[in-house]
Amino acid sequence: MRERPVGPSAFPVLPPLSVLRQHSDSNMAVPIAKFLAAYAYLLLISFIFPHVFADNAAGDLPHRRFEYKYSFKGPHLTQSDGRIPFWIHTGNAIPGADQIRITPSLRSQKGGVWTKSPVSFEHWEAEVAFRVSGRGRMGADGLAIWFTAGQGLDGPVYGAADQWNGVGIFFDSFDNDGKKNNPAVLVVGNNGKLVYDHQNDGSTQALGTCLRDFRNKPYPVRAKIIYYKQTLSVFINNGFTPDKDDYEFCTKVENMVIPESGYFGISAATGGLADDHDVLSFLLFRLAEPGQNLPLPEKEIPKEEKDKYQEEFENFQQELDKRKEEFQKEHPDVQGQPIDDLFESVNDREIRQVFEGQNRIHLEIKQLNRQLAMILDEQRRYVSVITEEISKRAPQAQSGQAPTHEMDTIINTQHEVLRNLNEVRDSLSGSLKQLAVGQQQGNAGGLGSYETIQHFNDIKEHLHVVKRNIEHIIQKNVNPAEKAQCPDLPSLPSCLSTTHFMVFIVIQSLLFFGYVMYKSQQEAAAKKFF
């Protein structure tokens, strides 16, 4: 049932008070108070029962009928062979299960999708949901929505043919003329003779335009295009909210004549810069004026297509039954249970992911706790060894043979390291206890949103404390070691006396002079033969 509009147009048009006063003056038999009372009563009734006066306003709205043969929408947007029912794709377009990527974010790409059959509606309405996303602050080139007399499968205008006969709604993302007026939405009509002005971004040929930033939005951008009574209106949903009906007026072109029959299409292109141009849905509605009945729907689809769809459905059903039988054989314990209970819901999946994340954190903290325990054991062993060494050298230290200041510094450092490691271990134990409490709460009845967030924040804070303590331990353990060096060992007695050294030098000199004399005699003997 269509809703009746409620607004100023829904109320009756009442005569102004000046008219009532003139009428009352001309007819002195009726007091002015009666006119004022009737005026107020009628105004009150119009506010209390607006639906009584809304019939006329509602009658001005056109009738809508969805045309599935000229539309597409996910999920399961494509068939098993990768084709789109009732549509064709060209160029670099990549059909998917949930969307059609008209162009990927690569340079010099172009593609498009077009209806297979022409559309001959006098009035129509199209709703398009799309995304334009890229890594840079600027993108290129843009996306276009077409209604033309012929399929513009390939060309230089956003991936479609130039000199088209029809209308194009362009979402231009690159500023060719340098006027900083992009991204923008333009409406450009053509009678088949006009060459598109790329250098000026079509501003000299645009019949209507508005500035809208449609790149990198959190939700899909939606465009509603209405052609009714030779008036083309464009409305834009900016993609900031998930509300599908939150449209803003963009532009309107009146007295616009388009071909009586044509093809709908969506194309896109990239240049030196590149964006992903994804179309999620294209929904077409046929409009009829109030009081006129919509034509009867077209007859059934051709027998060839119907047989093809029926065969594909039967193959899918057989494959599904086969998988069900295999599942029942592999899981005999679940036989007789409802099928819906065998599958995981969205909430169950989210809870399972939360528990898996908690378990991973739990295992990591346990491993870190074991490593800290090993470090504590090593530090205790070092402290015991150093303490024994100090006790052995205590008599020597009192007699002044070896300094003990460096050893005291090392001992103090080791004690401080032990104390810090104990604190870290306590923090890890607290984190493990909190994880165990969180798992018990989740098993008891699901995770509450606030308690879960607070619980993870506490764990995160404890992990940060552990990280800071470990860094502090490393700094404390390294710096004193650099400053406090172990005592130098006493010098070892030399194994080579002065006499032995002098004898070695004399023998080495004699060998050297002998080798020089022998080499000179060999060279003199060799010269006699030349």
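Up top is the structure.
Now for a quick tour of the structure. In this text the structure is predicted, and so the values were computed from the model without any measurement.

Looking at the state of the cysteines
Chemically, a disulfide is nothing more than a covalent bond linking the sulfur atoms of two cysteines.
And then number 1: With the rule as written, the count across this model stands at one disulfide.
And then number 2: Disulfide partner of C210: C250, at an S-S distance of 1.8 Å. In this structure, the disulfide formed by C210 and C250 twists by about -90° around the S-S bond and is classed as left-handed. Note that C210 is positioned in strand β11 (residues 208–211) and C250 in strand β14 (residues 248–253), a separation of 40 residues in sequence.

Some points on empty space enclosed by the protein
And then number 1: Scanning the entire structure with this criterion turns up one cavity of 30 Å³ or more.
And then number 2: The space that makes up the largest cavity amounts to roughly 50 Å³.
And then number 3: As for the largest cavity, its lining consists of W124, A126, I145, W146, F147, V167, I169, I225, F264 and F282.
And then number 4: Mapped onto the lining of the largest cavity, the elements with two or more residues apiece are β7 (124–133), β8 (142–148) and β9 (165–172).
And then number 5: Broken down by element, the residue count for the lining of the largest cavity peaks at three residues, all from β8.
And then number 6: Broken down by class, the residue content of the lining of the largest cavity amounts to 10 nonpolar, no polar and no charged.

Things to note about the sheet that holds strand β10 (residues 184–191)
And then number 1: Here we have seven strands laid out as an open sheet, ordered β3-β6-β15-β8-β9-β10-β11, and antiparallel in their pairing. Sheet topology places β3 (87–91) and β11 at the edges, where each strand pairs with a single neighbour. Pairwise comparison of adjacent strand axes, ignoring direction, gives a mean angle of 15° for this sheet.
And then number 2: Pairing analysis gives seven bridges linking β8 to strand β15 (residues 263–269), with the strands arranged antiparallel. Along β15, the bridge assignment pairs G142 with A269.

Considering the side chain of D172
And then number 1: For D172, the location among the structural elements is in strand β9.
And then number 2: Although buried, D172 forms no salt bridge, and the nearest oppositely charged side chain, R215, lies 9.8 Å from it.
And then number 3: Excluding its chain neighbours within four sequence positions, the residues that come into contact with D172 are D141, Y158, N182, P183, A184, L186, D201 and F214.

Rules of the game
Residues numbered from 1 in each chain as written. Predicted model: local features only at pLDDT ≥ 70, side-chain atom pairs only at ≥ 80, totals over all residues. Heavy atoms only, no water. Disulfide = S-S within 2.5 Å. Helix = DSSP H or I, 4+ residues; strand = E, 2+ residues; numbered from the N terminus. 1 Å grid on protein atoms, 1.4 Å probe; cavity = no way out; pocket = protein on both sides within 12 Å on 5 of 7 lines; lining within 4 Å. Points joined across faces, edges and corners; volume = space filled by probe spheres on them. Nonpolar A, V, L, I, M, F, W, Y, C, P; charged D, E, K, R; others polar. Pairing = 2+ DSSP bridges. Axes fitted to C-alpha atoms, helices over the stretch in contact; angles between N-to-C directions. Buried < 20%, exposed > 50% of the residue type's maximum accessible area, 1.4 Å probe, protein only. Lys, Arg positive; Asp, Glu negative; His and termini not counted. Salt bridge = Lys/Arg side-chain N within 4 Å of Asp/Glu carboxyl O. Contact = heavy atoms within 4.5 Å.

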